[in-house]
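Close look at the chain arrangement
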Amino acid sequence: MILLNPAPSQLRATGLAGARSLDFVILAIDTSAGTSVALVENGRILAEHSVIDTMRHAEVVGALILECLTSADILATDVTAVVAGMGPGPFTGLRVGIAAAEAFSVGANITLLPMVSHDGIATAHYAGGARGPITVVTDARRRELYWSTYSGLNAHELPQRISGPNLAKQAEVPAEVLGLTPFILEATEVSAGALAITAERMATAGEPFGTFRALYLRSPDVTLSKGPKRVVQ
Amino acid sequence: MSRATHILNREAPLVLGIETSCDETGIGIVRGRKLLANVISSSMDEHARYGGVVPEVAARAHVEAITPAIRQAVAEAGIRLSDLDAVAVTCGPGLAGALMVGVAAAKALAISLDKPLFAVNHLVGHVGADVLGEEGPLEYPTIALLVSGGHTSLLLVRDLVSDVELLGETIDDAAGEAFDKVARVLGMPYPGGPHIDRLAATGSPTAIRFPRGLSQPKDMAAHRYDFSFSGLKTSVARWVEIRRDAGEEIPLGDVAASFREAVADVLLTKAIAACSDFNVPRLLLGGGVVANARIRELAGQKCADAGVTLRVPPLALCTDNGAMIAALAAELIMAGAQPSGMDFGADSTLPVTTIQIL
Ligand SMILES: [Zn+2]
């Protein structure tokens, strides 16, 4: 599924709620690190609940969605778009958020917006007032790292990713990247709220969304079978 | 937002079931005991080049297949998702990473629709599939023999929704795995079952006496209802290698037929023994290996000889599917069960005694 450039007006039209004047309510789910769920409306985080534990995504994702809806006092039917953090991230956990986001969008019959999880980390970083290039680095396990480089913010306050997301062995992130970027951000969590705000800015600016495809960046560990092993030695 | 916990329809609930415990993404929809849709998307072709199910490949395929399968099932059933009374999902046993995809999707779907969610046991689901067949309600108690590439289990079912006991299971390979491994020895591709079946039709089941695992008196004391197929596989491989090394031609038909006979014999001998020991005159078959012609045939013979009534659900309900998960949840709802909470996870070793995780 490819979702290119959904105009905000289209997004609004898909699920406008009744009594409250809700414009554009995004539910964002990211399990590329821990599990983070947020509700964002018009650039404001209404609720964000996260669990840092990287081994319990499937257990906690439902309760976190419910907590967000409850604390923001929003009905599931009020949500107008779902943002899915597509990674990069260790695959077992990453899939949990992607499957949840897609299923929610099907149940609610609303648009699904796939996002690069690192973009949320960059947005959160720049939200603190920082400017200039950064490299976002996250743990890929097995002594490897996921990394993306950003040159800064554009006119729409969107982080400009100039490379990545990539996968590299620790200490093998290319030297020229490290030389160019004064900041390396070793992020241990991805804020679903920051990811939703990034998506909202992209929709407003008319920037294209990526493909709905998990960013595993690593092939499954399998070897092709070489025929049966002998049992008689 | 408070969660839907009460169920409006306990007479004939409309339930969507999600099954992702192995390599089939199954979405089924039932209304009470009536099957409305049974969509299965298999990643089997992707596993063929590896000679068996690769968990990571299966889990990736589930993510790609799950919502298209939901849409297709809804269309086939001619319903809207908002019509559902409940969502059901397999929470175990199975491959952990694969199960998690279904669990996450089911939770989010249930919340988006504000519908109750039922987390149910895959193996008990295989038994539950039977209620969707033509033969009317399941009679109790019944012995259930569940045989697939992932499991080989013998159950005593006193009540589908409240009392299921594990009598025995494989202590090494599942029966379906043995078919795959022997197929490889004979130079046949994965999955092995259909190829062994075809070859076996050209040979004699009594040509070679392959061992029946855990059937010796000493084994029967400790493992009366357990199965073992790894010794059988090794025995077949040895038999073939010795003759290949000697430059002899391998009677593939005889090897396949004799191997298949050993599997069918041990499965059904133990199942009939359980019927007799527990004085239960009913046997239910489930799991993909039921597709095997000889296993069905021998089940018919042995059951007739023992005065046991045999039930075999239609094949599309025997292999892993979402309809059986929906059917089990519908039975639970009709029996008054409460929905599951939101905190359950995937339990790859969920015991059959846990029919539903609350
Ligand atoms: Zn199964």
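Predicted model only: the values in this text are computed from it and were never measured.

Bringing the UniProt feature "binding site: Fe cation" (unreviewed entry) in chain B into the picture now. All names here are of chain B. The sites that UniProt annotates as "binding site: Fe cation" (unreviewed entry) are H122, H126 and D320. Of the residues just listed, which span 199 residues, no C-alpha pair is farther apart than 8.6 Å, and they cluster in one region. Following the sequence through the fold, H122 ends up in helix α4 (residues 122–128). Taking relative accessible area as the criterion, H122 reaches 1% and is therefore assigned buried. In this structure, H122 is in contact with E19, S21, T90, G92, P93, H151, D320, M324 and I325, ignoring residues within four places of it in sequence.

Take the pattern of salt bridges next. On inspection of all chains with the given rule, the structure shows 22 salt bridges over all chains. In this structure, A:R230 and B:D245 form a salt bridge, with 2.7 Å as the shortest nitrogen-oxygen distance. Linking A:R230 in the segment after α6 (192–205) with B:D245 in helix α8 (residues 230–245), this pair reaches from one chain into another. For the salt bridge of B:R294 with B:E297, the shortest nitrogen-to-oxygen distance reads 2.7 Å. Within this pair, B:R294 and its partner B:E297 are both found in helix α10 (residues 293–306), separated by 3 residues, close to a single helical turn. What makes B:R294 buried here is its relative accessible area of 12%. Ionic contacts of the salt-bridge type, sharing partners, join the residues A:R95, B:E56 and B:R60 into one network.

All names here are of chain B. The protein atoms that coordinate the zinc ion are H122 (NE2), H126 (NE2), H151 (NE2) and D320 (OD), at distances of 2.1 to 2.3 Å. Geometry at the zinc ion is irregular, judged from the 4 donor atoms that bind it and their angles of 89 to 156° at the metal. When the donor residues of the zinc ion are listed from N- to C-terminus, their spacing reads H-x3-H-x24-H-x168-D. Of this pair, H126 sits in helix α4 while H151 sits in the loop between β6 (142–147) and β7 (152–159); the two residues are 25 residues apart in sequence, bridging distant segments of the chain. With respect to class, H126 is no different from H151; both count as buried.

Definitions and limits used
- Residues numbered from 1 in each chain as written.
- Chains lettered and ligands numbered in written order.
- Predicted model: local features only at pLDDT ≥ 70, side-chain atom pairs only at ≥ 80, totals over all residues.
- Heavy atoms only, no water.
- UniProt positions renumbered as here; feature names shortened; annotations may be inferred.
- Helix = DSSP H or I, 4+ residues; strand = E, 2+ residues; numbered from the N terminus.
- Buried < 20%, exposed > 50% of the residue type's maximum accessible area, 1.4 Å probe, protein only.
- Contact = heavy atoms within 4.5 Å.
- Salt bridge = Lys/Arg side-chain N within 4 Å of Asp/Glu carboxyl O.
- Donors = N, O, S within 2.8 Å, 3.2 Å for Na, K, Ca; no water.
- Tetrahedral: all angles 85-135°; square planar, octahedral: opposite > 155°, others 65-115°.

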